[in-house]
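Residue-level structural notes
Listed below, chain by chain, are the residues.
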Amino acid sequence: MELQLYNVAPRIPAELAFLEKLAGNIWWCWHHCAIELFMRIDPNLWREVGGNAKMFLRRVSGSRLEELAHDAGFLRNLKTVQGEFERQMESVLTPEKRNVAYFSLEYGIHESIPIFSGGLGVLAGDHLKAASDMQLPLVAVGLLYRQGYFRQVLDRTGWQTEHYPVSEIHDLPVVRGCNLQGEEVTISMRLADRELFAAVWVLWVGNVPLLLLDTELPQNPPELRSVTWRLYGGDKTMRLYQELLLGIGGVKALLAMGYDPEVCHMNEGHAGFLSLARLEHLVQDLGYDPNVALEVVWRSNIFTTHTPVPAGNEVFDINLVKPYLAPYAASAKFDLERVIRWGIPITDRGNASEMSMTVFGLRMAANYCNGVSKLHGEVARGMWKHLWPERSGAEIPIGHITNGVHISSWISARHHRLFERYLSSKWLNNPEMVQLVSDLAAIPDDELWTAHELCRQSLVRYTRRLVQRNFRYMIDGSIGVDKRRPLLKPDVLTIGFARRFATYKRGTLLLRDQARLLALLKNEERPVQFIFAGKAHPADNGGKQLIRQLIEFAQRENVQDKLLFLENYDIGMARHLVQGVDVWLNTPRRPQEASGTSGMKAAINGVINCSILDGWWAEAYNGENGWAIEGNDYFTAEEDQDNFESQQLFNLLENEIIPCFYERQEGDLPKRWIARMKASIATGLGFFSSARMVGDYNRKFYVPATAAFKELIADNAAEAKRLVESKKRLVENFDNGKLSINNPLVAGSLNNLHIGDRIQISVEVNLGNLRPEEVEVDAYSGSADAHNEIIDSTSVALNMIEDRGNGNYLYGGEIECCIAGRFGLTARIKAAGNAWDNSVPGFMCWPK
């Protein structure tokens, strides 16, 4: 007999009915008025359930709800929140009007929804919140993990262990996804010789629907039910299953629910397989020729790469993926080997054993690829330039859109009230910088400092509660904290370091000079205290060892009250830390930090960053808004680099940071410190909000990609068909050696040139069967290195000045000498316009 399951909801008085609707949309988590409404009901219970609104309502007593139903003050607050919610939700779009689909393997929206591991997921969550605020026509896709990432528990020796509590569906703000006829949607997809089934749930992030796929279904055998149990859990086969489900299953879920997006955004390579699903849809459902479908798909995909660290760029053994991709390649009418090659660099295709999901994503997003900071964009172009071996570094089609953080989600309630009082009404959404700086200057120093000190005091109380509750490594009798000494002090300079504990982030950089660290910790006149937090990946013993080293140091030196490691870092803990510490410390090994959004969250709360000039800080630091830990490019060994930068950090702490904090002037205020706080806030609010970030994605990617899609499919895909035919001609001429180009002729001498001089160039070419309008002939120049190879190149289009018959043409132009140095000069033919797209490396001809 089949077990029948059902849920019983609390009986909510009619006057409070909106509370159920509010708890069913995670919108509340970034609106302080809504959070305060829930807290007013029962603040202790709210803290006990970790801010889980659905669990909270289920556990509030009926007598308390009846009492509130007759509380005029509470009902006024309820009406205010309801009015704001309905104002923002009044224009929720129907599926057919949502033309952008965002795919991510994880989403960090709130700590009560454990479907994230760290920065990548939190960034995705902030992306959706900003899209909701901006009313963008976006739908998102992810997986509903029943066990999430893991709960970190530190044993008595400080070693990390992993626990996997199961999330109860009825405690999550999700509903079953339905098709346009109102029927619940369950999708199925092929996994080699088996069928995988997934239920679709919808989590509303404001007015953005997040579709979450769930394989915990009776139709699946036990080993397939576990596909959506753990984020980043299991072996390579399980990771492959998850990424196939996200990409291919995600597209199937969208189509089944009535969505048919024109643009798909891949948040990292995990979502790369969506391209194959889109191709299958266009070929099977719309009848497109496969190559025509390919032109449509890779010109309307977006790909964001988030890390230069090799471990963050997924690869799969080719023999592993082949049987899983084969049915989808066949259905899309593509040769399987061709599909596999999309994930292999040109230079490796003869001997590759692995398929890279980052390469696959870059290949399948022809015109819209980006890193997540200016520096990361440069690093990514260097890292992936071998995908386009004939192009200069400047022509590698990877740009950058610097990450941002969702201000309302991370700003403290105290700062929110202060900014509402003194800043312009646009302070949450890309305020104009001159006005912002002026408004911040008008905030009385004592009010800003008081708000910050209250946040620090709140952090200390929060930390003490955590330690009293469940920290094994601190409560064992032999090594416990002396209870006569208070754990942390509310009026002491507090430095925070919280992030994923990967070895390249160097969480123990301070331990390289333990004598200097102890001197700081034991200084009674100008005391300092440190709070560390972060999870190491379950398989990263190196990261776990860093955590243990910090804990062992604090135990051995009896400074556990001043140097503390907080267990189970999550979004809730992050909020307390970025709002309450004084300094946010970041010590990655440059240039391995792609962005570093935690520093942005700290900055908007007036916390001052002290960081290596990596990721976002390389473009944010201006000398007034924080401190930069200087590196030294002469050190090539990591050990030398770490020792040098550790000493630089101690110099900053001893000579600048600590004196600045304890320098008190009129009114017992640290005036210089407060000036840096205001500069930090200006930087965060002015340049690093998710409103700015998502606005950049919309302007640079979503709008033009949508326009490209519409143009490509108009008139029965006439433009896409034209591009296919154009490429056929280009392949025939470029790849078969029908084109030729001579070295450029220069009028005059290349000796004795000076800045401002112009070099006159002419070059003779043979275009074979191509027309001049199908190609571009360039003069190609740039700095020459020691091997006489061009670096940092630029190209200048030359004009056709003579048709000499039989496919021969003379081109000419000039190059201006703009800077001093040693340069190289040559010429090339490349395909013109859209035909020279980023999906292919070739279509270029150089002098023999």
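Structure first, text after, so check above.
Nothing here was measured: the structure is a model prediction, and the numbers come from that model.

An order of 17-16-15-18-19-20 is seen for the six strands of this open sheet, with the pairing classed as parallel. The open sheet is flanked by strand 17 (563-566) and strand 20 (626-629), the only strands paired with a single partner. With strand direction ignored, the average angle separating the axes of adjacent strands in the sheet is 20 degrees. Bridge count between strand 16 (residues 528-533) and strand 17: four bridges; the pairing is parallel. Bridge pairing in strand 17 places Phe 532 opposite Phe 565. With respect to the sheet, helix 21 (residues 514-521) is in contact with strand 16 and strand 17, its orientation differing from that of strand 16 by roughly 115 degrees. Relative to the sheet, helix 26 (residues 638-662) contacts strand 15 (493-498), strand 16, strand 18 (583-586), strand 19 (608-612) and strand 20, its axis offset from that of strand 20 by approximately 165 degrees.

With that settled, consider the pattern of salt bridges. Where charged atoms of side chains with opposite charge meet at close range, the side chains can pair. Under the defined criterion, the tally for this structure stands at 50 salt bridges. A salt bridge links Glu 764 to Arg 804; its shortest N-O distance comes to 3.1 Å. Remark: Arg 804 occurs in strand 26 (residues 799-805) and Glu 764 occurs in strand 23 (residues 758-766); sequence separation between them is 40 residues. On the accessibility criterion, Glu 764 (30% relative accessible area) is partly exposed.

To continue, consider helix 28 (residues 690-735). Taking 1.5 Å as the rise per residue, helix 28 with 46 residues should run 68 Å; its terminal C-alpha atoms sit only 44 Å apart, a clear shortfall. At Asn 716, helix 28 shows its largest bend, some 120 degrees.

As defined by bridge partners, strand 21 (residues 740-741) adjoins strand 23 across two bridges and the pair is classed as antiparallel. Each bridged residue has a counterpart across the sheet, and for Ile 741 the counterpart in strand 23 is Val 765. Pairing geometry for strand 22 (residues 745-747) and strand 23, over three bridges, is antiparallel. When the bridges of strand 23 are listed, Ala 747 appears paired with Gln 760. Sheet analysis places strand 23 next to strand 27 (residues 808-816), joined by nine bridges and oriented antiparallel. Within the sheet, the bridge partner assigned to Ile 761 lies in strand 27 and is Gly 813.

Turning to the packing of helix 2 (residues 32-41) against helix 6 (residues 72-89), a few remarks are in order. A pair of packed helices is characterised by two quantities: the angle between their axes and the separation of those axes. Running from N to C, helix 2 and helix 6 point in directions that differ by 150 degrees, and their axes come no closer than 10 Å. Relative to helix 6, helix 2 is oriented roughly antiparallel. You can see that helix 2 and helix 6 cross each other, and the crossing is left-handed. Two secondary-structure elements touch here, helix 2 through Cys 33, Ala 34, Leu 37, Arg 40 and Ile 41 and helix 6 through Gly 73, Phe 74, Asn 77, Leu 78 and Val 81.

This part takes up the nonpolar core. Within soluble globular proteins, side chains that are nonpolar tend to cluster in buried spots. Counting 157 residues, the largest nonpolar core has Leu 22, Trp 28, Phe 38, Phe 103, Leu 279 and Leu 325 as its most contacted members. If you tally residues by element for this core, the top one is helix 28, at 13 residues. If sequence neighbours within four positions are ignored, Phe 38 has contacts with Leu 19, Leu 22, Ala 23, Trp 28, Trp 46, Ala 53, Phe 56 and Leu 57. Counting 92 residues, the second-largest nonpolar core is a separate cluster that includes Leu 577, Phe 661, Trp 673 and Ala 682.

Together, Arg 47, Arg 151, Arg 461, Arg 465 and Arg 469 line one region of the surface with positive charge. Of the residues forming the positive patch, the biggest block, three residues, is contributed by helix 19 (residues 445-470).

Take the packing of aromatic side chains next. Enumeration over the complete set of coordinates arrives at 32 aromatic pairs. The interplanar angle of 65 degrees and the centroid separation of 5.5 Å between the aromatic rings of Phe 18 and Phe 85 together place this pair among those described as edge-to-face. Placement of Phe 18 in helix 1 (residues 18-23) and of Phe 85 in helix 6 is noted, with a sequence separation of 67 residues between them. Residue Phe 18 is classed as buried on the basis of its relative accessible area of 7%. Centre to centre, the rings of Trp 28 and Phe 38 are 5.7 Å apart; their planes meet at 80 degrees, and the pair counts as edge-to-face. With a gap of ten residues between them, Trp 28 in the loop between helix 1 and helix 2 and Phe 38 in helix 2 connect regions that are remote in the sequence. You'll find Trp 28 and Phe 38 in the same group, each marked buried. These aromatic residues form a ring-pair network of at least three members: Trp 449, Trp 627, Phe 661, Tyr 662 and Trp 673. Seen from the ring of Tyr 164, Arg 230 lies directly overhead, with NZ or CZ sitting 3.6 Å from the centre. Sitting over the ring of Phe 497, Arg 499 keeps its end group 4.8 Å from the ring centre.

Next up on the list: empty space enclosed by the protein. In this approach the atoms are scanned with a rolling probe the size of a water molecule, which exposes any empty space left behind. Following the criterion strictly, the structure yields three cavities of 30 Å³ or more and no others. By volume, the largest cavity amounts to about 50 Å³. Forming the boundary of the largest cavity are Cys 29, Ile 109, His 110, Lys 129, Ser 409, Trp 410, Ile 571 and Arg 575. Those elements that place two or more of their residues in the lining of the largest cavity are helix 16 (407-410) and helix 23 (571-580). Residues of the lining of the largest cavity, tallied by class, amount to four nonpolar, two polar and two charged.

Further remarks concern unusual backbone geometry. Put simply, Arg 590 and Pro 591 share a cis peptide bond, and its omega is 5 degrees. Topologically, Pro 591 is positioned in the loop between strand 18 and helix 24 (597-604). Phi at Asn 558 is positive, roughly 60 degrees, even though this residue is not glycine. You can see Asn 558 is positioned in the loop between helix 22 (541-556) and strand 17. The phi angle at Asn 568 is positive, at roughly 65 degrees, despite the residue not being glycine. You can call Asn 568 buried: its relative accessible area is 11%.

Take the environment of Val 578 next. Within the secondary structure, Val 578 is located in helix 23. A sequence separation of 80 residues divides Val 578 from Ala 498, and the C-alpha atoms of the two residues are 9.1 Å apart. With residues near it in sequence (within four places) discarded, Val 578 still touches Trp 410, Trp 584, Ser 598, Lys 601, Ala 602, Asn 605 and Val 607.

Rules used throughout
Residues numbered from 1 in each chain as written. Predicted model: local features only at pLDDT ≥ 70, side-chain atom pairs only at ≥ 80, totals over all residues. Heavy atoms only, no water. Pairing = 2+ DSSP bridges. Helix = DSSP H or I, 4+ residues; strand = E, 2+ residues; numbered from the N terminus. Axes fitted to C-alpha atoms, helices over the stretch in contact; angles between N-to-C directions. Contact = heavy atoms within 4.5 Å. Salt bridge = Lys/Arg side-chain N within 4 Å of Asp/Glu carboxyl O. Buried < 20%, exposed > 50% of the residue type's maximum accessible area, 1.4 Å probe, protein only. Expected span 1.5 Å × (residues − 1). Bend = angle between axes of the 7 residues up to and from the residue. Parallel < 35°, antiparallel > 145°, perpendicular 65-115°, else oblique. Left-handed = near helix turned anticlockwise from the far one by under 90°. Core = buried A, V, L, I, M, F, W, Y, C linked by side-chain atoms within 4.5 Å. Patch = residues over 30% accessible without salt bridge, like charges linked within 9 Å, V, L, I, M, F, W, Y side chains within 5 Å. Areas by Shrake-Rupley, 256 points an atom, 1.4 Å probe, with all protein chains shown as cover. Lys, Arg positive; Asp, Glu negative; His and termini not counted. Charge placed at Lys NZ, Arg CZ, Asp CG, Glu CD. Phe/Tyr/Trp six-rings, centres within 6.5 Å; stacked < 30°, edge-to-face > 60°. Lys NZ or Arg CZ within 6 Å of the ring centre and 35° of its normal. 1 Å grid on protein atoms, 1.4 Å probe; cavity = no way out; pocket = protein on both sides within 12 Å on 5 of 7 lines; lining within 4 Å. Points joined across faces, edges and corners; volume = space filled by probe spheres on them. Nonpolar A, V, L, I, M, F, W, Y, C, P; charged D, E, K, R; others polar.

The quantities given are spatial measurements derived from coordinates; they are silent on function.
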